[in-house]
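Architecture at a glance
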Amino acid sequence: MNLVAAVDENWGIGHRGNLLVRIPADQEYFRKITTGKVVVMGRKTLDTLPGKMPLAKRTNIILSEKPDFQVKYGTVVHSVEACLELLKGYPSEDIYIIGGESIYRQFLPYADVAYVTKIMYRYQADAHFPNLDVLPDWELTADSEEQTYFDLEFFFLKYERKQTVEKG
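Owing to the predicted nature of the structure, the values given are computational and were not obtained by experimental measurement.

Attention shifts here to empty space enclosed by the protein. Under the criterion given, the structure shown has one cavity of 30 Å³ or more. Approximately 30 Å³ is the volume attributed to the largest cavity. The wall of the largest cavity is formed by Ala-6, Val-7, Asp-8, Gly-12, Ile-13, Leu-19, Leu-20, Val-21 and Ile-119. Residue assignment for the lining of the largest cavity shows that the elements contributing at least two residues are strand 1 (2-7) and strand 2 (12-15). Residue composition of the lining of the largest cavity, by class: seven nonpolar, one polar and one charged.

Moving on, we get to the pairing of strand 5 (residues 59-63). By the criterion of burial, strand 5 is predominantly enclosed, with four of the five residues buried. Bridge analysis of strand 4 (residues 38-42) against strand 5 gives five bridges, and the strand direction is parallel. Opposite Gly-42, over in strand 5, you have Leu-63 as the bridge partner. The sheet contact formed by strand 5 and strand 6 (residues 75-77) spans three bridges and is parallel.

With that settled, consider the layout of surface pockets. Each pocket or cavity is described by its volume, and for the largest pocket that value is around 1,300 Å³. Together, 43 residues line the largest pocket, and Thr-45, Thr-48, Ile-98, Gly-99 and Gly-100 are the ones closest to its centre. The dominant element in the lining of the largest pocket, judged by the number of residues it contributes, is helix 4 (residues 101-107), at five residues. For the lining of the largest pocket, the residue count by class is 16 nonpolar, 16 polar and eleven charged.

So, on to the nonpolar core. By size, the foremost hydrophobic cluster in this structure holds 30 residues, and its most contacted members are Val-40, Leu-87, Ile-97, Phe-107, Val-116, Phe-129 and Leu-132. Within the residue set of this core, elements represented by two or more residues are strand 1, strand 4, strand 5, helix 3 (80-87), strand 7 (95-97), helix 4, strand 8 (113-119) and strand 12 (152-161). With four residues, the top contributor of residues to this core is helix 3. When neighbours within four sequence positions are excluded, Val-40 is seen to be in contact with Ile-61, Cys-83, Leu-87, Ile-95, Tyr-96, Ile-97, Ile-98, Gly-99, Ile-103 and Phe-107. In this structure, Val-4, Met-41, Leu-55 and Phe-69 belong to the second largest nonpolar core, which totals 14 residues.

In this section: the pattern of salt bridges. Going through the model one piece at a time under the given rule, you end up with eight salt bridges. Ionic pairing is found between Arg-105 and Glu-101, a salt bridge with its closest N-O pair at 3.5 Å. Within this pair, Arg-105 and its partner Glu-101 are both found in helix 4, separated by four residues, close to a single helical turn. Residue classification places Arg-105 among the partly exposed residues on the basis of a relative accessible area of 40%.

A sheet is described by the order of its strands in space; here three strands give the open sequence 3-2-9, paired in antiparallel fashion. Whereas interior strands pair on both sides, the edge strands pair on one side only; in this sheet they are strand 3 (18-19) and strand 9 (127-128). When strand 2 meets strand 3, the two strands line up antiparallel, connected through two bridges. Across the sheet, Gly-14 pairs through a bridge with Leu-19, a residue of strand 3.

Relative to the helices and strands, Asp-26 resides in helix 1 (residues 24-34). With no salt bridge to any partner, buried Asp-26 finds its closest opposite charge in Arg-22, at an N-O distance of 8.3 Å.

Below, the discussion takes up helix 1. For helix 1, the complete set of buried residues consists of Asp-26, Ile-33 and Thr-34. In an axial view of helix 1, the angular spread of the buried residues amounts to 90°, which keeps them on one side of the axis. Packed against the buried residues of helix 1 are strand 1, strand 4, strand 7, strand 8 and strand 12. Just downstream of helix 1 lies Gly-36, where phi reads positive at about 80°.

Each value, and the rule that gives it
- Residues numbered from 1 in each chain as written.
- Predicted model: local features only at pLDDT ≥ 70, side-chain atom pairs only at ≥ 80, totals over all residues.
- Heavy atoms only, no water.
- 1 Å grid on protein atoms, 1.4 Å probe; cavity = no way out; pocket = protein on both sides within 12 Å on 5 of 7 lines; lining within 4 Å.
- Points joined across faces, edges and corners; volume = space filled by probe spheres on them.
- Helix = DSSP H or I, 4+ residues; strand = E, 2+ residues; numbered from the N terminus.
- Nonpolar A, V, L, I, M, F, W, Y, C, P; charged D, E, K, R; others polar.
- Buried < 20%, exposed > 50% of the residue type's maximum accessible area, 1.4 Å probe, protein only.
- Pairing = 2+ DSSP bridges.
- Core = buried A, V, L, I, M, F, W, Y, C linked by side-chain atoms within 4.5 Å.
- Contact = heavy atoms within 4.5 Å.
- Salt bridge = Lys/Arg side-chain N within 4 Å of Asp/Glu carboxyl O.
- Lys, Arg positive; Asp, Glu negative; His and termini not counted.
- Arc of directions from axis to C-beta.

Printed below as a string of structure tokens:
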């Protein structure tokens with residue numbers, strides 16, 4: 001299972017229900033890696049998408065605690081357990097957790113890879129992604145050359161969960 005997020009220097013991802021910044025190259029990267037795959041998001045993240053509609057050309061799973069919540073072109077589940085049960089029908093490498101903060105935290109234990117766009121700026125943020133740099137079971141395994149969008153610098157990073165070696 002994969003996590004995908006754009007974060008600032010403090011691992012911030014949002015403020016007042018919105019992304020901190022929209023960078024076309026990051027949006028294209030997101031589209032490229034998630035098209036044809038399964039995306040899992042919370043209801044609030046769904047509300048930030050264009051037209052508050054699920055993403056085209058992807059299997060959309062929306063986690064909502066509201067028992068009567070329904071969405072056209074998406075599957076709604078009401079618990080992490082129900083979501084994990086549903087996800088058993090898909091290859092793990094085809095599953096992308098796309099936010100928000102509570103969804104990332106709930107699915108972090110099940111993820112093996114994180115695709116992080118690191119924006120070299122500190123925004124005012126009230127939602128954060130787990131700081132993978134300080135988690136001992138995660139390691140940075142790939143990074144891009146510096147990218148720029150106007151005066152913003154950013155990098156495409158890949159983190160992977162460290163494999164534990166069985167002793168026997």
